[in-house]
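# Breakdown of the fold
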Amino acid sequence: MAKRVVVDPITRIEGHLRIEVLPENGYIKDAYSSAQMWRGIEVILQGRNPNDAWFFTQRICGVCTTVHAIASVRSVENALQLEIPYNAQMIRNIIIAAHALHDHIVHFYHLSALDWVDVVSALKADPQKTARLAQSISDWKLNGASVFKAVQEKLKKFVESGQLGPFANGYWGHPAMKLPPEVNLLAVTHYLQALDYQRKADMAIAIVGGKNPHIQNLAVGGVGTAVNPDNIATLNMERLYYIKQLLEEVREFVHKVYLPDVLAIASFYPEWLEYGKGIDNYLAVPDLPQDTKGESFDLPGGTILKGDLSTVKPIKSFNDPYFIENVREDISRAWYKGNWMKHPWEEETVPYYTDMPGGYLDTDGKYSWSKAPRFKVNGKYVPTQVGPLAQVLIGYALGHKLTRKYVDKALSELSSLARTSVGVSALQSTPGRHLARAIRAQILSDLAIKQWEQLVDNIGKGDLEICNHPTYPKGEIRGCGFHEAPRGALSHRCVIENGKIKNYQCVVPSTWNAGPRDSKGQRGPYEASLIGNPIADPERPLEVLRTVHSFDPCIACAVHMVDPEGKEIVKVKAL
Ligand code: NFE
Ligand code: MG
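Residues numbered from 1 in each chain as written. Chains lettered and ligands numbered in written order. Predicted model: local features only at pLDDT ≥ 70, side-chain atom pairs only at ≥ 80, totals over all residues. Heavy atoms only, no water.

## With respect to the confidence of the model for the protein chain
- With 96% of its residues at a pLDDT of 70 or more, the protein chain has an overall mean of 93.
- Predicted confidence is poor over residues 562-575, with pLDDT under 50, and the contacts of this stretch with residues over four places away or in other chains come to 15 contacts. (pLDDT = per-residue confidence, 0-100. Contact = heavy atoms within 4.5 Å.)

Here's what the structure looks like:
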């Protein structure tokens, strides 16, 4: 067997992910992705009141904090065919948008930029030159030479003290690092500023949601956020205007800092636009519903096959059978008992750990706690990539106006910075996933304010409704709730019998992307995207991190099962 390079754990992600790659002549020939942790929620929901499910599912993750709450209430509402009041829809939409903005900013600056940015090289930069460069790409207010100089001095003290803090253990000086010192200083400075702006997005969520992480204000049927413009104890005009101010500040940061930085960094790595495509079937679900039933949306969803934009097929409503009927999960290569592929409503989940022979993944058998979701198209079950790239490509293909506007603008700016023509197909790559996420952040930052305006207009008309209370019928009902989470298409499926949960399954973005092979040997998106990537130094596999990080992995989300007996399954050392 060829020698494998093992990266375990992949750091700067949520959870425990192991990647094994087979290098050959400086490139990756094959790859395996393994979720190395097992925890969860689905099983403990059995027998409980569906009204409570969202409290539990929200604890699946502390990163995508709100998303499992939103998907959960939507799944129960779908089972009941319960409409929610317009105010509740807009309040949820503001939370969804603000949360994604926080998440995308953190992902780019704090979790992945340092794969491309050499912090130590920033010490060699000329702050004046950095300011000239920064001002040539953006009129951001904090791009003055004195700002860059202050950061450089702070960084110098860090390095001299030997206490690099969050910048310790990076691959500084790696031959694959290509940015000039000035671009490195620019990025490090914005890394620090980004801490403030992600917090502003979080504050907006906390004001509406009661707390953050893990909002308190949802209910099956709407929200529990009392609305009254004149009452100091409720969501009133003062609170609403504070939220608007925060959303506007975040919007400015996204447009003037985040997107320009992604373009500037990507322009120095044009060769990477050839790497990291992998699975080119794409799935996104529509979101930001604009009516009480979920029949029209501000963000489009659908599918694209084999990277061909002309194959786009939309998902049109919360009841669209195209999505509800065509999702399956395969466990033939995952540590669960059996060898089946089933619709989530029909699944049962019994853990079955088969170990790692010789300390490596069992590449002939089961090797991950993540299941392998598949989407049925033309009678075949295919692996499908989800995430901002999927959403942006689908929006572009469907002619979604904001997506068209920001994709065309970004690609024309990237083409002039990189002095080469960069088309939409280049988005299907490792840096393309970062660019798509920044473009999605632009779109969402505009739409967040639109949702706010619609909410305030509606309250202004005297409508203060926030919840339609559910009643559960006798017998069995089934629901599917979906949400386009920061990492992509998320869906929760519930089976409710006599008002109690009988089965509950979450099919999560990071499960779609991080999942293992299936019974046909089809690789998952992480695995496929690594093939053909360069690997300059197998001892320091920076390129593996670049491609895997571009998906924004979250393993807590991907593997959310608990052992019903509470047995210890694996020992995990804290880092
Ligand atoms: Ni834990 Fe999550 C998101 C969900 S995972 S981060 O976004 O759902 O993919
Ligand atoms: Mg699941």
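Moving on from the coordinates now.
## Looking at helix α5 (residues 145-161)
- The first and last C-alpha atoms of α5 sit 24 Å apart over 17 residues, in line with the 24 Å expected at 1.5 Å per residue.
- Gly 162 lies just past α5 and shows a positive phi near 75°. (Helix = DSSP H or I, 4+ residues; strand = E, 2+ residues; numbered from the N terminus. Expected span 1.5 Å × (residues − 1).)

## Structural notes on the side chain of Asp 118
- Structurally, the position occupied by Asp 118 is in the loop between α3 (86-112) and α4 (127-137).
- Comment: no salt bridge for buried Asp 118; closest opposite-charge side chain is Lys 124, at 6.7 Å.
- Only 2.8 Å separates the side chain of Asp 118 from the backbone nitrogen of Gly 173, close enough to count as a polar contact. (Buried < 20%, exposed > 50% of the residue type's maximum accessible area, 1.4 Å probe, protein only. Lys, Arg positive; Asp, Glu negative; His and termini not counted. Salt bridge = Lys/Arg side-chain N within 4 Å of Asp/Glu carboxyl O. Polar contact = N/O pair within 3.5 Å; in protein donor to acceptor, adjacent residues only side chain to side chain.)

## Details of the site of ligand 1
- Taken together, 13 residues are adjacent to ligand 1, and Cys 61, Cys 64, Ser 510, Cys 554 and Cys 557 come closest.
- Pro 486 places a polar main-chain atom, nitrogen or oxygen, 3.3 Å from an oxygen atom of ligand 1.
- Ser 510 is positioned with one of its backbone polar atoms (N or O) 2.8 Å from an oxygen atom of ligand 1.
- Broken down by secondary-structure element, the contributors of at least two residues to the shell around ligand 1 are α2 (67-80) and α12 (509-514). (Near = heavy atom within 4 Å.)

## Regarding the coordination of the nickel atom of ligand 1
- Those protein atoms acting as donors to the nickel atom of ligand 1 are Cys 61 (SG), Cys 554 (SG) and Cys 557 (SG), and they sit at 2.2 to 2.3 Å.
- Angles of 101 to 130° at the metal separate the four donor atoms of the nickel atom of ligand 1, which places the site in the tetrahedral class.
- Within one chain, the residues donating to the nickel atom of ligand 1 are spaced in sequence as C-x492-C-x2-C.
- Here the nickel atom of ligand 1 and the iron atom of ligand 1 are spaced 3.1 Å apart, linked through Cys 557, which binds each one. Here Cys 557 lies in helix α15 (residues 555-558) and Cys 61 lies in the loop between α1 (53-57) and α2, a separation of 496 residues in the sequence. Grouping residues by exposure puts Cys 61 and Cys 557 together as buried. (Donors = N, O, S within 2.8 Å, 3.2 Å for Na, K, Ca; no water. Tetrahedral: all angles 85-135°; square planar, octahedral: opposite > 155°, others 65-115°.)

## Focus: the sheet that holds strand β6 (residues 282-284)
- Strand order in the open sheet formed by three strands is β6-β9-β10, with antiparallel pairing between adjacent strands. The two strands at the open ends of the sheet, each matched to only one other strand, are β6 and β10 (308-315). Neighbour-to-neighbour, the strand axes of the sheet open up by a mean angle of 15°, direction not taken into account.
- Examined bridge by bridge, strand β9 (residues 301-305) and β10 share four bridges and lie antiparallel to one another. Across the sheet, residue Gly 302 finds its bridge partner in β10, namely Pro 314.
- Relative to β6, helix α9 (residues 388-397) is tilted by about 90°, and along the sheet it contacts β6, β9 and β10. (Pairing = 2+ DSSP bridges. Axes fitted to C-alpha atoms, helices over the stretch in contact; angles between N-to-C directions.)

## Here's the deal with the sheet that holds strand β15 (residues 476-485)
- With antiparallel pairing, the three strands of this open sheet are ordered in space as β15-β16-β17. If you trace the sheet from one side to the other, it starts and ends with β15 and β17 (500-507), each paired once. Here the average twist between neighbouring strands, direction ignored, is 15°.
- Summarising the sheet, β15 and strand β16 (residues 488-497) pair through 10 bridges and their orientation is antiparallel. When the bridges of β16 are listed, Ala 485 appears paired with Gly 488.

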